[in-house]
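Notes for the structure review
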Amino acid sequence: MQIALFQPDIPQNTGTILRLCACLDVAAHIIEPAGFDTSDRNFRRAGMDYLDQVRLKRHDSWSKFEEWRTEAGCRLILFTTKAAKSYLDFEYTASDVLLFGRETAGVTDAVAAAADARLVIPIKPSLRSLNVAVTAAMAVGEALRQTGAPVTDARS
């Protein structure tokens, strides 16, 4: 299981998601350009002390990410408020890449079109959206539950 962040623009959310990836042993991808400096030095300065525990790959563009994904043979699962299918009504595979868009703008139409599936986390209709880090945690939790990911340590 892997998480990809498309051009993230809030460093605190990215740090939270990278910590999630470290703790759950899920690979992470950052698709540039980001709205902030994504260097290891900047993450460490922001208190990202788990950075050395994250399998992190940076892609300097969407096309480079797609090139990697095509070679790896992974499905791309986009989480978006514009989807109709609930994330709970989807069958995940262990090689899926769960994609989350920019906090302020989501993803481009081309990125949405490239996704193998587009899923939504249903929320109260009068509200706009969940925080992207919360969404990532819910999504990867369900995907790992379905795929039977091994738990190596039961500490919280």
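See the structure printed just above.
Parameters at a glance
- Residues numbered from 1 in each chain as written.
- Predicted model: local features only at pLDDT ≥ 70, side-chain atom pairs only at ≥ 80, totals over all residues.
- Heavy atoms only, no water.
- Pairing = 2+ DSSP bridges.
- Helix = DSSP H or I, 4+ residues; strand = E, 2+ residues; numbered from the N terminus.
- Contact = heavy atoms within 4.5 Å.
- Axes fitted to C-alpha atoms, helices over the stretch in contact; angles between N-to-C directions.
- 1 Å grid on protein atoms, 1.4 Å probe; cavity = no way out; pocket = protein on both sides within 12 Å on 5 of 7 lines; lining within 4 Å.
- Points joined across faces, edges and corners; volume = space filled by probe spheres on them.
- Nonpolar A, V, L, I, M, F, W, Y, C, P; charged D, E, K, R; others polar.
- Buried < 20%, exposed > 50% of the residue type's maximum accessible area, 1.4 Å probe, protein only.
- Expected span 1.5 Å × (residues − 1).
- Right-handed = clockwise from strand over helix to strand, strands pointing away.

Some details on the sheet that holds strand S6 (residues 97-100)
Across the sheet, 7 strands lie side by side as S3-S2-S1-S6-S4-S7-S5; this open sheet has parallel pairing. The sheet is open, and its two edges are formed by strand S3 (56-59) and strand S5 (85-86), each paired on a single side. With 5 bridges joining them, strand S1 (residues 2-6) and strand S2 (residues 27-31) adopt parallel strand pairing. Across the sheet, the residue bridging to Ala4 is His29, located in S2. In the packing of helix H5 (residues 132-147) onto the sheet, contacts are made with S1, strand S4 (76-79) and S6, and the angle to S6 comes to roughly 165°.

Considerations on empty space enclosed by the protein
Taken as a whole and assessed by the stated rule, the structure comprises 1 cavity of 30 Å³ or more. Taken as a whole, the largest cavity holds about 30 Å³ of empty space. Considering the residues around the largest cavity, the lining is formed by Leu5, Pro8, Thr14, Ile17, Phe100, Gly101, Glu103 and Val132. Among the residues forming the lining of the largest cavity, the class breakdown is 5 nonpolar, 2 polar and 1 charged.

Here's the deal with unusual backbone geometry
With the exception of glycine, the majority of residues adopt a negative phi angle, and the majority of peptide bonds are in the trans configuration. In this structure, the amide linkage connecting Glu32 to the following residue, Pro33, adopts the cis form with an omega of 0°. Here Pro33 shows up in the loop between S2 and helix H2 (40-45). Phi is positive for Gln7, close to 45°, though the residue is something other than glycine. Among the secondary structure elements, Gln7 is positioned in the loop between S1 and helix H1 (11-24). Its relative accessible area of 17% is what places Gln7 among the buried residues.

Brief notes about H1
The end-to-end C-alpha distance of H1 is 20 Å, a good match for the 20 Å that 14 residues give at a rise of 1.5 Å each. Along H1, the residues that are buried comprise Asn13, Thr14, Gly15, Ile17, Leu18, Leu20, Cys21 and Ala22.

Some details on the pairing of S1
Counting buried positions along S1 yields 5 of 5 residues, so the element is predominantly enclosed. Here S1 shows two buried faces, one formed by Gln2, Ala4 and Phe6 and the other by Ile3 and Leu5. Where the polypeptide runs from S1 across H1 and back to S2, its parallel neighbour, the crossover connection is right-handed.

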